[in-house]
Amino acid sequence: MTVRVAESRTVPVPLEAAYDGTIVVPLPTIFGHRHLAMPPVVRVEGQDGEWGRTLGQTRTILTSDRGSLHETLRELDRPHRFAYRIDRVRGPMRPLVRHLDGAWTFEP
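Below is a short write-up of the structure.

### Considering a nonpolar patch on the surface
For step 1, the next point in the chain: Nonpolar side chains collect at one region of the surface, where Met-1, Val-3, Val-5 and Leu-36 lie side by side and expose about 550 Å² of accessible area between them.
For step 2, the next point in the chain: Along the polypeptide, Leu-36 turns up in the loop between helix H2 (27–30) and strand E1 (41–45).

Okay, here's the thing in structure tokens:
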């Protein structure tokens, strides 16, 4: 079964500033609280350098429920969009999620 979720927000900043500022924000800053079924992110491990510089970049996301998720950066289209896949789900979310394809898009 496929479930689609979307959320949007308007921020009065230039397009490039929105993209550049968002892609590098530490995940615990953005997802430090529960978001829908996603528990809070407590830390990220295995990230090589600043996030968002190379396609194929990976990292492991650790959540407050002792779960983990493997993230791979799949698309970089500065300043319009970046996309990723989350898989290798471990912990309580494992029965609910096989993989997750996500994207952030930016518009003037």
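Once you've had a look at it, read on.
### Re the pairing of strand E3 (residues 68–77)
For step 1, the next point in the chain: Note that strand E2 (residues 58–63) and E3 share five bridges and pair antiparallel. Along E3, the bridge assignment pairs Arg-59 with Glu-71.
For step 2, the next point in the chain: Between E2 and E3, which follow one another and run antiparallel, lie four residues, and Arg-66 among them has a positive phi close to 70°.
For step 3, the next point in the chain: Note: E3 against strand E4 (residues 81–90), eight bridges, orientation antiparallel. Among the inter-strand pairings, Thr-72 is bridged to a residue of E4, identified as Arg-85.
For step 4, the next point in the chain: In this antiparallel pair of consecutive strands, E3 and E4, the connection spans three residues.

### A look at the environment of Tyr-84
For step 1, the next point in the chain: Counting through the fold element by element, Tyr-84 comes out in strand E4.
For step 2, the next point in the chain: Placed ten residues apart in sequence, Tyr-84 and Arg-74 show a C-alpha to C-alpha distance of 4.9 Å.
For step 3, the next point in the chain: In this structure Tyr-84 touches Glu-71, Thr-72, Leu-73, Arg-74, Leu-100, Asp-101, Gly-102, Ala-103 and Trp-104, once residues within four positions along its chain are discounted.

### A few points about the pattern of salt bridges
For step 1, the next point in the chain: If you walk through the whole model with that rule in mind, you get seven salt bridges.
For step 2, the next point in the chain: In this structure, the salt-bridge partner of Asp-20 is Arg-78, at a minimum N-O distance of 2.7 Å. Of this pair, Asp-20 sits in helix H1 (residues 15–23) while Arg-78 sits in the loop between E3 and E4, and the two are 58 residues apart along the sequence.
For step 3, the next point in the chain: Using a relative accessible area of 31% as the deciding quantity, one classes Asp-20 as partly exposed.

### Considering the environment of Thr-60
For step 1, the next point in the chain: Positionally, Thr-60 belongs in strand E2.
For step 2, the next point in the chain: Among the residues examined, Thr-60 registers a relative accessible area of 27% and is labelled partly exposed.
For step 3, the next point in the chain: Separated by 40 residues in the primary sequence, Thr-60 and Asp-20 place their C-alpha atoms 21 Å from one another.
For step 4, the next point in the chain: With residues near it in sequence (within four places) discarded, Thr-60 still touches Arg-43, Val-44, Glu-45, Ser-68, Leu-69 and His-70.

### Digging into the sheet that holds E3
For step 1, the next point in the chain: Strand order in the open sheet formed by five strands is E1-E2-E3-E4-E5, with antiparallel pairing between adjacent strands. Of all strands in the sheet, those with a lone pairing partner are E1 and strand E5 (100–105), marking the two edges. Each neighbouring strand pair of the sheet contributes to a mean axis angle of 30°, computed without reference to strand direction.
For step 2, the next point in the chain: Against the sheet, H1 makes contact with E3, E4 and E5, and its axis sits at roughly 20° relative to E4, the strand it touches most.

About the criteria used
Residues numbered from 1 in each chain as written. Predicted model: local features only at pLDDT ≥ 70, side-chain atom pairs only at ≥ 80, totals over all residues. Heavy atoms only, no water. Patch = residues over 30% accessible without salt bridge, like charges linked within 9 Å, V, L, I, M, F, W, Y side chains within 5 Å. Areas by Shrake-Rupley, 256 points an atom, 1.4 Å probe, with all protein chains shown as cover. Salt bridge = Lys/Arg side-chain N within 4 Å of Asp/Glu carboxyl O. Helix = DSSP H or I, 4+ residues; strand = E, 2+ residues; numbered from the N terminus. Pairing = 2+ DSSP bridges. Contact = heavy atoms within 4.5 Å. Buried < 20%, exposed > 50% of the residue type's maximum accessible area, 1.4 Å probe, protein only. Axes fitted to C-alpha atoms, helices over the stretch in contact; angles between N-to-C directions.

Read these as spatial facts, not as claims about activity.
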